[in-house]
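Examination of the molecular architecture
Next come the chains, spelled out residue by residue.
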Amino acid sequence: AQTVTQSQPEMSVQEAETVTLSCTYDTSESDYYLFWYKQPPSRQMILVIRQEAYKQQNATENRFSVNFQKAAKSFSLKISDSQLGDAAMYFCAYRSAGGGADGLTFGKGTHLIIQP
Amino acid sequence: KAGVTQTPRYLIKTRGQQVTLSCSPISGHRSVSWYQQTPGQGLQFLFEYFSETQRNKGNFPGRFSGRQFSNSRSEMNVSTLELGDSALYLCASSLGATSGDTQYFGPGTRLTVL
């Protein structure tokens, strides 16, 4: 079974600074998808960014970008110019591309605090 | 487009009772997945439905079941509730054509079992 590890239970960053959240995963598969989701206090999960494993290029979405290292099985999220609205739990998730794939496998999450 | 909706938002039940939660996906989405979120176990996959058929199932006891209707709306049922079933239950919808399709989550149903 695949596992996703987020080694930072909590991170704190000053507003306008850059922060990187770590995620590693364990899989024997070569084709899969990786996601970062954000869960603010309202509890609604929101997709931040999505990466296809067969694509070498790192995904970006405005202030959010990833560093995808397939050989190292690492998928970190960089948030630039942090804003107060970025404060939330961030979850890294994995899903196999194979037929019959299980649902998303999530890490335990990183609680991101933005200091004004 | 309206997002994923879940009803009810909050529910209080007692041990031994059963409960039914409902999820309406984004229009045009044919896949609905259910997840359980607890402080101890985190987010865990329950099951996925696509075109009224269960496509995948997580490692949960048979007390947890679900179904999907022809309009893609889905329900999940938990019978003989236990204290440990207290959780936030999240529903997510996607186009469902591939496993990489983005899943869009609803606001969740907070179930408390007393």
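This write-up is about the structure you can find in this document.

The rules behind the values
Sequence order sets the numbering: in each chain, residues are counted from 1 along the sequence as written. Lettering of chains starts at A and numbering of ligands starts at 1, both following the order in which they are written. Local features are withheld for residues below a pLDDT of 70 in this predicted model, meaning they are given only at 70 or higher, and side-chain atom pairs are given and counted only at 80 or more; totals for whole chains, interfaces and linings count all residues. Hydrogen atoms and water are omitted, and side-chain values are computed over all heavy atoms in the structure. Numbering of helices and strands runs from the N terminus, with a helix taken as a DSSP run of H or I at least four residues long and a strand as a DSSP run of E at least two residues long. It is over C-alpha atoms that the radius of gyration is taken, and the globule rule equals 2.2 Å times the number of residues to the power 0.38. In this scheme, a residue with accessible area under 20% of its type's maximum is buried, one over 50% is exposed, and one in between is partly exposed, where area comes from a 1.4 Å probe on protein chains only. Throughout, a residue-residue contact means that at least one pair of heavy atoms, one from each residue, lies within 4.5 Å. Surface accessibility in these figures is a Shrake-Rupley result with a 1.4 Å probe; residues are shielded only by whichever protein chains are displayed. Positive: Lys, Arg. Negative: Asp, Glu. His and the chain ends are not part of the count. In plain terms, the charge of a residue is placed at NZ if it is Lys, CZ if Arg, CG if Asp and CD if Glu. Any cysteine sulfur atom paired with another within 2.5 Å is treated as part of a disulfide. Here the buried area means the combined drop in accessible surface, using a 1.4 Å probe, for two parts upon being joined, counting both sides. Basic side-chain nitrogens of Lys or Arg form a salt bridge, by our definition, when they fall within 4 Å of a carboxyl oxygen of Asp or Glu. Counted as a polar contact is a pair of N or O atoms within 3.5 Å, where, for protein atoms, one must be capable of donating a hydrogen and the other of accepting one, and residues adjacent in sequence contribute only when both atoms are in side chains. Amino acids are sorted into nonpolar (Ala, Val, Leu, Ile, Met, Phe, Trp, Tyr, Cys and Pro), charged (Asp, Glu, Lys and Arg) and polar (every other residue, Gly among them). The rule for pairing is simple: two strands pair if DSSP sees at least two bridges between them. Helix axes are fitted only over the stretch in contact, all axes being lines through C-alpha atoms; the angle between N-to-C directions runs from 0 to 180 degrees.

On to the overall build of chain A, then. Assigned secondary structure in chain A consists of zero helices and 12 strands. The linear arrangement of helices and strands in chain A, starting from the amino end, is β-β-β-β-β-β-β-β-β-β-β-β. For chain A, the C-alpha radius of gyration of 14 Å lies close to 13 Å, the compact-globule estimate for 116 residues. Taken across its 116 residues, chain A has 47% of its residues classed as buried. At a minimum sequence separation of 6, the contacts of chain A that also span at least 24 residues come to 55%. Entry remark: accessible area of chain A is about 5600 Å², with carbon and sulfur atoms responsible for 46%. Here chain A holds 10 positive side-chain charges and 11 negative ones, and the gap between their average locations is 4 Å.

With that settled, consider the state of the cysteines. Residue and element names in this part refer to chain A. Considering all chains together, one arrives at two disulfides over all chains under this definition. The disulfide partner of Cys23 is Cys92, and the gap between their sulfur atoms is 2.0 Å. Note on the Cys23 and Cys92 pair: the S-S dihedral is about -65 degrees, so by sign convention the disulfide is left-handed. Of the two residues, Cys23 sits in the loop between strand E3 (19–21) and strand E4 (24–26) while Cys92 sits in strand E10 (residues 88–96), which places them 69 residues apart along the sequence.

Here we take up the interface of chain A and chain B. Facing the 21 residues of chain A at the interface are 21 residues of chain B. Summing both sides of the interface, chain A and chain B together bury roughly 1700 Å²; the carbon and sulfur share of this comes to 47%. Here chain A and chain B share one salt bridge between them. The salt bridge involving Glu48(B) is made with Arg95(A); its shortest N-O contact spans 2.9 Å. The interface formed by chain A and chain B includes nine residue pairs in polar contact (both at pLDDT 80 or more). Elements with a minimum of two residues in the side of chain A that touches chain B: strand E5 (32–39), strand E6 (46–52) and E10 of chain A. A per-class count over the side of chain A that touches chain B returns 10 nonpolar, six polar and five charged.

Residues and elements named next belong to chain A. On strand E12 (residues 110–115), burial follows the alternation: Thr110, Leu112 and Ile114 on one face are buried, whereas His111, Ile113 and Gln115 on the facing-out side are not. Where strand E2 (residues 10–14) lies against E12, five bridges are found, and the strand directions are parallel. When the sheet's bridge partners are listed, Val13 is paired in E12 with Ile114. Pairing analysis gives three bridges linking E10 to E12, with the strands arranged antiparallel. Bridge pairing in E12 links Ala88 to Leu112.

All right, on to the sheet that holds strand E1 (residues 5–7) of chain B then. Residue and element names in this part refer to chain B. An order of E1-E3-E8-E7 is seen for the four strands of this open sheet, with the pairing classed as antiparallel. The sheet is open, and its two borders are formed by E1 and strand E7 (64–68), each paired with just one other strand. Mean inter-strand twist for the sheet, computed between neighbouring axes without regard to direction, equals 20 degrees. The pairing of E1 with strand E3 (residues 19–24) spans three bridges and is antiparallel. Bridge assignment links Thr7 to a residue of E3, and that residue is Ser22.

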